[in-house]
Amino acid sequence: MRDVAGAWRRTADGAGLLSPDGAVASTIFAEMTALAARTGAINLGQGFPDEDGPSEVLDAAREAIAGGANQYAPGIGIAPLREAIADHQSRFYGIALDPDTEVVVTTGATEALASALLALVDGPEDEVVVFEPYYDSYAACVALSGATLRTVPLRAPDFQPDLDVLADVVNERTRVILVNNPHNPTGAVFDRAVLEEVVRLAHARDAIVVTDEVYEHLTFDGPHVPVASLPGARERTLTISSGGKTFRTTGWKIGWITGPAELLTAVVTVKQFLTYTSGSPFQPAIAAGLRLPDAFFDGIAQDMRRKRDVLGAGLRAAGFEVFEPRGSYFTVADAAPLGATDAQAFCRGELVERAGVVAIPITAFVTPGRRSEYATLVRFAACKRVEVLEEAAARLASLSG
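Reading the values: the criteria
Residues numbered from 1 in each chain as written. Predicted model: local features only at pLDDT ≥ 70, side-chain atom pairs only at ≥ 80, totals over all residues. Heavy atoms only, no water. Helix = DSSP H or I, 4+ residues; strand = E, 2+ residues; numbered from the N terminus. Rg over C-alpha atoms; globule rule 2.2 N^0.38 Å. Buried < 20%, exposed > 50% of the residue type's maximum accessible area, 1.4 Å probe, protein only. Patch = residues over 30% accessible without salt bridge, like charges linked within 9 Å, V, L, I, M, F, W, Y side chains within 5 Å. Areas by Shrake-Rupley, 256 points an atom, 1.4 Å probe, with all protein chains shown as cover. Salt bridge = Lys/Arg side-chain N within 4 Å of Asp/Glu carboxyl O. 1 Å grid on protein atoms, 1.4 Å probe; cavity = no way out; pocket = protein on both sides within 12 Å on 5 of 7 lines; lining within 4 Å. Points joined across faces, edges and corners; volume = space filled by probe spheres on them. Nonpolar A, V, L, I, M, F, W, Y, C, P; charged D, E, K, R; others polar. Phe/Tyr/Trp six-rings, centres within 6.5 Å; stacked < 30°, edge-to-face > 60°. Lys NZ or Arg CZ within 6 Å of the ring centre and 35° of its normal.

Colleague: Before we move on, could you go through the overall build of the protein and cite the residues and values that matter?
Modeller: Assigned secondary structure in the protein consists of 14 helices and 13 strands. Expected size for 401 residues packed as a compact globule is a radius of gyration near 21 Å; at 20 Å, the protein falls within 12% of this value. Taken over the C-alpha atoms alone, the protein extends approximately 60 × 50 × 45 Å along its principal axes. Scored against the burial criterion, the 401 residues of the protein give a buried share of 59%.

Written out as structure tokens, the structure is:
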């Protein structure tokens, strides 16, 4: 428990997983959402949409409930969903999967990640390499696995890693290289050269690549490129995604993990003792969503691009320096031009008090030693209705004075 508690105490300073006295502490997302509710501020902090998903998906869930799909589903997920996931990977990326042995349904992407790390890591001698800033659950899952966290920094304006630094961090102790692409919190989409270098290093160091691709259909400059689709990658890559972001059903927690059968067997060995299964009526609904026509998937990317542009224009008008994202729900902006020196203080104070808007400091997503490098950066979520983003832009204008 020493390593786990230590990691939780460390991240509590920014992301808040466990306080030093062992009491459960709220995450930065819960804190800022509560702040928005208490003050009436517009919540551009936590990344959940304020619109429902497509009617075909919602109606399929209602039909499944009415049809009696309300008991335990199989531990690896119902066959129609596993088949839909396999067909989706083939349809969009040319990746052929056996739905019976190479696809597992999970309780969201977070459970898939936790199961993979707990299954693949043997202890503190193993290292897990992540790109920093990173989604807060990564550090917690690495700590729970007992592994050592190693990070590769992503820096503005494009948040692409330095490949020489990446090659230096990945070493003979590296067990897993964790790739989040499109990236949360920065909105970066990694260049193909980055992904190819990850694959090369994984082969050189006999590491496993675990990818978090939940924003795969929300890219703005061309189609998503899964790591598993690259030459030499498939046999050592586990790919994680979910229906929450694509179908605006974040509360359903239907995710999946795909990859070689021998690796998935290890993952299932762990996963069966976490939730075992979940979301029985939601599984056929997500299967229906994955079979929607191409126009739907093109449309959600175009819609998110428009929202990104509305938010970005409002941030620039308010005086922020904006780093335009290439994917995901999120836009990172620098509050230094507004006089901010500490993003946490800025988000908890001036941003909500003067502008009535809530966002998340990027320092919530980094290790303590690197906070100074990201001290004034703020993450804003664009996954809201356009009229909400326009109202937020109008409120943010108060900062420009």
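Colleague: Now, about unusual backbone geometry: what can you tell me, with residues and values included?
Modeller: The linkage connecting Glu 132 with the following residue, Pro 133, adopts the cis geometry, with an omega of 5°. Mapping Pro 133 onto the fold places it in the loop between strand S3 (127–132) and helix H6 (136–145). Residues Asn 181 and Pro 182 are joined by a peptide bond in cis, for which omega reads -5°. Here Pro 182 lies in the loop between strand S5 (174–180) and helix H8 (192–205). The backbone of Asp 206 sits at a positive phi, close to 55°, despite the residue not being glycine. Mapped onto the elements, Asp 206 comes out in the loop between H8 and strand S6 (208–212). Owing to a relative accessible area of 51%, Asp 206 belongs among the exposed residues under this scheme. With phi around 55°, Arg 248 is a residue other than glycine that occupies positive phi space. Residue Arg 248 is classed as partly exposed on the basis of its relative accessible area, which comes to 26%.

Colleague: Talk me through a nonpolar patch on the surface; I want residue IDs and the actual numbers.
Modeller: A contiguous nonpolar surface patch, about 240 Å² in accessible area, is contributed by Leu 118, Leu 144 and Leu 274. Tracing the backbone shows Leu 274 in the loop between helix H9 (261–271) and helix H10 (282–290).

Colleague: Can you lay out the pattern of salt bridges for me, pointing to particular residues and giving the numbers?
Modeller: All told, the structure shown has 29 salt bridges when counted by the stated rule. Across the salt bridge formed by Arg 248 and Asp 303, the nearest N and O atoms sit 2.8 Å from each other. You can see Arg 248 sitting in the loop between strand S7 (237–242) and strand S8 (255–258) and its partner Asp 303 sitting in helix H11 (residues 294–318), a full 55 residues away along the chain. In this structure, Arg 308 and Glu 324 form a salt bridge, with 3.9 Å as the shortest nitrogen-oxygen distance. Of this pair, Arg 308 sits in helix H11 while Glu 324 is found in the loop between strand S9 (321–323) and strand S10 (330–334), placing the two residues 16 residues apart along the sequence. Three or more residues are tied together by salt bridges with common partners; here these are Glu 51, Arg 248, Asp 303 and Lys 307.

Colleague: So, the layout of surface pockets: which residues are in play, and what are the values?
Modeller: Any empty space left between the atoms is revealed when a probe the size of a water molecule rolls over them. Its boundaries defined by the atoms lining it, the largest pocket holds a volume of some 730 Å³. Considering the residues around the largest pocket, the lining is formed by 30 residues, among which Thr 110, Tyr 135, Asp 136, Lys 245 and Lys 253 are closest to the centre. Per-class residue counts for the lining of the largest pocket are 13 nonpolar, 12 polar and 5 charged. When its volume is computed, the second largest pocket comes out at roughly 310 Å³. Lining the second largest pocket are 15 residues, and of these Thr 219, Gly 222, Pro 223, His 224 and Asp 298 lie nearest its centre.

Colleague: Could you give an account of the packing of aromatic side chains, naming the residues involved and the relevant values?
Modeller: As enumerated under the stated definition, the model contains 16 aromatic pairs in all. Pairing Tyr 135 with Tyr 138 gives two aromatic rings, centres 6.1 Å apart and planes at 80°, and the pair type is edge-to-face. The class for Tyr 135 is partly exposed, based on a relative accessible area of 27%. Given the relative accessible area of 3%, Tyr 138 is considered buried. Three or more aromatic residues joined by ring pairs form one cluster here, namely Phe 92, Tyr 93, Phe 247, Phe 296 and Phe 297. Here the guanidinium or amino end of Arg 379 rests over the ring plane of Phe 330, the centre of that ring lying 3.7 Å away.

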